[in-house]
Amino acid sequence: MRDNAHSLLSRCETKLGFCSCYSASPVRDILRVTLWSLLSRMASPRILLCGDVLGRLNQLFKRVASVNKSAGPFDALLCVGQFFPNIPEQLEEFSDYIEGRSQVPLPTYFIGDYGVGAVKFLSAAAKDPANQGFKMDGLIICENLYWLKGSGRFTLHGLSVAYLSGRDLVSGQQFGTYSQDDVDALWALAEEHGIVDLFLTNEWPTGVTNGAATSDLPMGISDASGSSSTISELVAEIKPRYHVAGTKGIFYAREPYANVEAVHVTRFLGLAPVGNKDKQKFLHAISPTPASTMSASEISTKPPNTTPSPFISTEKAANKDGASKRTSDTAFDPQYWRYDVSTKRPRHGDGIGSKLCFKFLSSGNCARGDKCHFQHDGDAREQYMRGVCFDFLNKGKCERGPDCNFKHSLQEEGSSFPNKRSVSGNANTDRPRECWFCLSSPNVESHLITSIGEYYYCALAKGPLVEDHVLIIPIEHMANTLICSAESERELIRFQNSLKSYFKSQEKEVVFFEWVFKRGTHANLQVIPIPSSRVSAAQNIFNLAAQRLGFKFLEIKSDNGLEGRKLLQMQFDRKCSLFYVELPGGTILHHPVEENEKFPVQFGREVLAGLLNKANKADWRNCKLSKEEEEEMVHNFKNQFKAYDPN
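Residues numbered from 1 in each chain as written. Predicted model: local features only at pLDDT ≥ 70, side-chain atom pairs only at ≥ 80, totals over all residues. Heavy atoms only, no water.

Participant: Explain the pattern of salt bridges to me, using residue names and the numbers behind them.
Facilitator: The tally for this structure, following the rule as stated, stands at nine salt bridges. Note that E99 is salt-bridged to R101, the shortest N-O span being 2.8 Å. A salt bridge links D197 to R241; the shortest N-O distance between them is 2.6 Å. Highlighted residues: D197 in the loop between α6 (180–189) and β8 (198–201) and R241 in the loop between α7 (229–238) and β11 (242–245), separated in sequence by 44 residues. Side by side, D197 and R241 carry an identical accessibility label, which is buried. If you follow the salt bridges from partner to partner, you end up with D96, E99 and R101 in one network. (Salt bridge = Lys/Arg side-chain N within 4 Å of Asp/Glu carboxyl O. Helix = DSSP H or I, 4+ residues; strand = E, 2+ residues; numbered from the N terminus. Buried < 20%, exposed > 50% of the residue type's maximum accessible area, 1.4 Å probe, protein only.)

Structure, rendered in structure tokens:
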């Protein structure tokens with residue numbers, strides 16, 4: 001890479017007429033530095049990929065040094081498969097690097113957090129103050145060695161890298177397995193804009209050899225071990241340019257395959273373990289240009305040996321009856337997991353045979369009609385209208401337990417869903433009928449609703465601070481948005497991203513804030529658009545307002561909304577109330593409010609009223625509109641938001 005840059009630099013000097021008279025001049029030096037800086041940024045990063053290390057760091061880094069000398073220098077080393085030793089006797093060599101007696105020669109990242117010594121070293125790393133917080137770009141184990149914990153997505157030398165640490169095992173162990181939350185986080189990350197350049201997993205995706213050239217298949221390869229259907233589902237949704245995995249003990253470079261609903265191809269690499277007896281390839285070098293810098297024609301180029309996606313079912317034509325046809329159809333729909341996850345991810349409870357449609361239950365109508373992948377069940381709607389918990393109806397179990405404010409038993413036992421188990425709830429079941437925000441409540445002002453999802457709906461605010469003042473409201477009666485499930489969190493992020501895009505088209509940015517009251521009833525996340533020219537002043541005015549009230553905000557910084565909210569959830573103490581605000585640029589300011597602390601309920605609105613020079617609108621009651629005006633306001637918003645609406 002550096003040699004190429006030097007060559008380009010020399011050619012640029014010649015082209016630009018750098019003659020010998022400038023050889024020692026400041027002008028030449030400045031131009032050389034500028035050109036070198038530009039050309040270095042243009043050069044593609046050089047990355048080494050490695051299979052299961054198994055604690056053999058001496059052998060690995062000896063090979064890395066050799067490759068680095070002949071073809072380097074390389075920018076980073078990414079390791080998949082088991083990173084830690086198999087036997088205690090190998091721990092001394094491994095410990096030399098962790099404890100600083102030997103040096104890791106280049107930035108090295110691993111996801112195989114299992115093996116002998118893993119618990120000891122990773123537990124210590126997790127407790128290190130330097131590793132506190134939600135760090136998607138790796139926890140520091142020692143100099144130049146990083147543990148990619150759980151799942152995430154980060155940028156490495158311009159490349160977008162996603163990963164899933166651990167394996168798909170049913171285990172109570174602290175490390176080495178991934179949770180459903182880790183998988184759900186990747187589903188949410190797949191919603192973000194931009195192509196993923198590299199996807200790292202320990203296991204292979206089940207079925208990756210489907211449609212591949214048989215002449216290239218390693219002997220005895222099968223999905224029996226070291227493969228996971230979860231990985232297949234994830235890679236089909238994420239659609240990375242490169243997917244790298246270990247664990248199987250063999251090397252395999254599959255032909256590129258086309259992705260459904262994407263123009264680029266995916267290349268799968270399975271890497272062998274370090275020091276394997278068959279001398280199969282365990283180290284592989286790539287130098288991909290980041291997708292974010294490529295032109296449309298470059299990213300859509302397909303090599304001649306490109307195959308169809310191995311994850312598309314080939315059984316569609318063979319199915320005859322309706323039930324089997326439905327199963328086959330869903331296999332061809334890459335977005336199907338959004339609608340019915342019963343075939344994708346295990347869920348608590350047996351359900352009702354297919355999942356229920358939130359829109360139909362809450363409003364009696366669903367715009368998808370016959371195309372909806374959810375069930376439109378009139379009996380279920382009756383139960384929901386009587387205050388029965390949606391999760392209980394849908395799954396047979398509510399994960400919120402005593403915190404849920406809906407009923408956990410059917411109101412006419414045996415008349416509908418007789419296979420369901422009755423669960424006694426202790427919530428105040430009259431509350432949803434009295435609530436302003438519950439869709440089943442007679443008090444809800446449905447004419448303000450602009451969009452309904454499966455877990456959240458959007459409505460314009462009553463007594464708005466500004467035009468297009470929006471509320472994002474959970475459909476289920478819950479006290480705040482920080483206690484919602486991973487699935488509903490994904491939908492919340494989609495709503496937020498859609499609103500950001502909508503207001504961006506109007507040269508505005510968005511401020512989100514929520515007052516989480518300990519004894520609150522139904523959550524609502526406030527969405528206030530502000531002119532782009534006022535963004536730089538937003539954080540200062542919130543900090544100034546906090547100072548006047550005698551407190552200082554805690555601060556979370558993240559380039560990703562999901563990361564920031566996940567960290568906020570980790571820090572949220574349910575024993576306290578909380579105010580938080582999500583500012584443009586990724587900063588979240590939050591303040592836990594103690595029991596006896598006097599905190600203005602309208603604090604967020606009051607601060608933004610000051611920022612926007614609308615002090616007279618700090619109280620929503622001063623901004624009431626007639627129902628006719630509200631209906632016109634909703635009509636105008638829906639027409640403009642239509643192109644951005646995720647539903």
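Participant: Explain the side chain of R605 residue by residue, including any values.
Facilitator: Within the element layout of this structure, R605 appears in helix α17 (residues 603–611). The side chain of R605 is buried and forms no salt bridge, while D619, the nearest opposite charge, is found at 6.5 Å. A distance of 3.0 Å separates a polar side-chain atom of R605 from the backbone oxygen of K617. A polar side-chain atom of R605 sits 3.3 Å from the main-chain carbonyl oxygen of A618. What R605 contacts, discounting residues up to four positions off in sequence, is G463, P464, L465, H469, F513, K617, A618, D619, W620 and C623. (Lys, Arg positive; Asp, Glu negative; His and termini not counted. Polar contact = N/O pair within 3.5 Å; in protein donor to acceptor, adjacent residues only side chain to side chain. Contact = heavy atoms within 4.5 Å.)

Participant: Can you explain the environment of D379? Please cite residues and give values.
Facilitator: Of note, D379 is situated in helix α11 (residues 378–385). For D379, a relative accessible area of 42% translates into the label partly exposed. Expressed as a C-alpha distance, the spacing of D379 and L361, which sit 18 residues apart in the sequence, is 9.4 Å.

Participant: Residues and numbers for the sheet that holds strand β5 (residues 145–147), please.
Facilitator: Either a parallel or an antiparallel arrangement is found when strands of a sheet pair, and the pairing is made through backbone hydrogen bonds. Ordered in space as β4-β5-β3-β2-β1-β15, the six strands form an open sheet in which the pairing is mixed. Each having just a single partner strand, β4 (139–142) and β15 (283–286) make up the two edges of the open sheet. Strand-to-strand twist in this sheet, taken as the mean axis angle between neighbours without regard to direction, amounts to 25°. For strand β1 (residues 47–50) and strand β2 (residues 76–79), the ladder comprises four bridges, and the chain directions are parallel. Of the residues in β2, the one forming a bridge with I47 is A76. The sheet strands contacting helix α5 (residues 118–127) are β3 (108–110), β4 and β5, and the helix crosses β4 at an angle near 125°. (Pairing = 2+ DSSP bridges. Axes fitted to C-alpha atoms, helices over the stretch in contact; angles between N-to-C directions.)

Participant: Lay out the packing of helix α3 (residues 57–71) against helix α4 (residues 91–98) with the relevant residues and their values.
Facilitator: Packing of α3 against α4 leaves a shortest axis separation of 9 Å and a crossing angle of 60°. One way to sum up the angle between α3 and α4 is to call them oblique. Residues L57, N58, Q59 and F61 of α3 touch α4, and the partners they reach there are E93, F94 and Y97. A per-class count over the contact of α3 with α4 returns four nonpolar, two polar and one charged. (Parallel < 35°, antiparallel > 145°, perpendicular 65-115°, else oblique. Nonpolar A, V, L, I, M, F, W, Y, C, P; charged D, E, K, R; others polar.)

Participant: Provide a residue-level description of the nonpolar core, including the pertinent values.
Facilitator: It is characteristic of soluble globular proteins that their nonpolar side chains tend to be buried jointly. Ranked by internal contacts, the top residues of the largest apolar core, which has 52 residues, are L361, Y457, I472, L499, V527 and Y580. The contacts of L361, once residues within four sequence positions are left out, are L356, D377, A380, R381, Y384, M385, F390 and L393. L77, C79, F175 and V274 belong to the second largest nonpolar core, which has 32 residues in total. (Core = buried A, V, L, I, M, F, W, Y, C linked by side-chain atoms within 4.5 Å.)

Participant: Go over α11 with me, naming the residues and quoting the values.
Facilitator: Within α11, burial applies to A380, R381, Q383 and Y384. An end-on view of α11 places all buried positions within 160° of arc, on one side of the element. Within two residues after α11, G387 carries a phi angle of roughly 95°, on the positive side. (Arc of directions from axis to C-beta.)

Everything listed is a geometric property; what it means functionally is a separate question.
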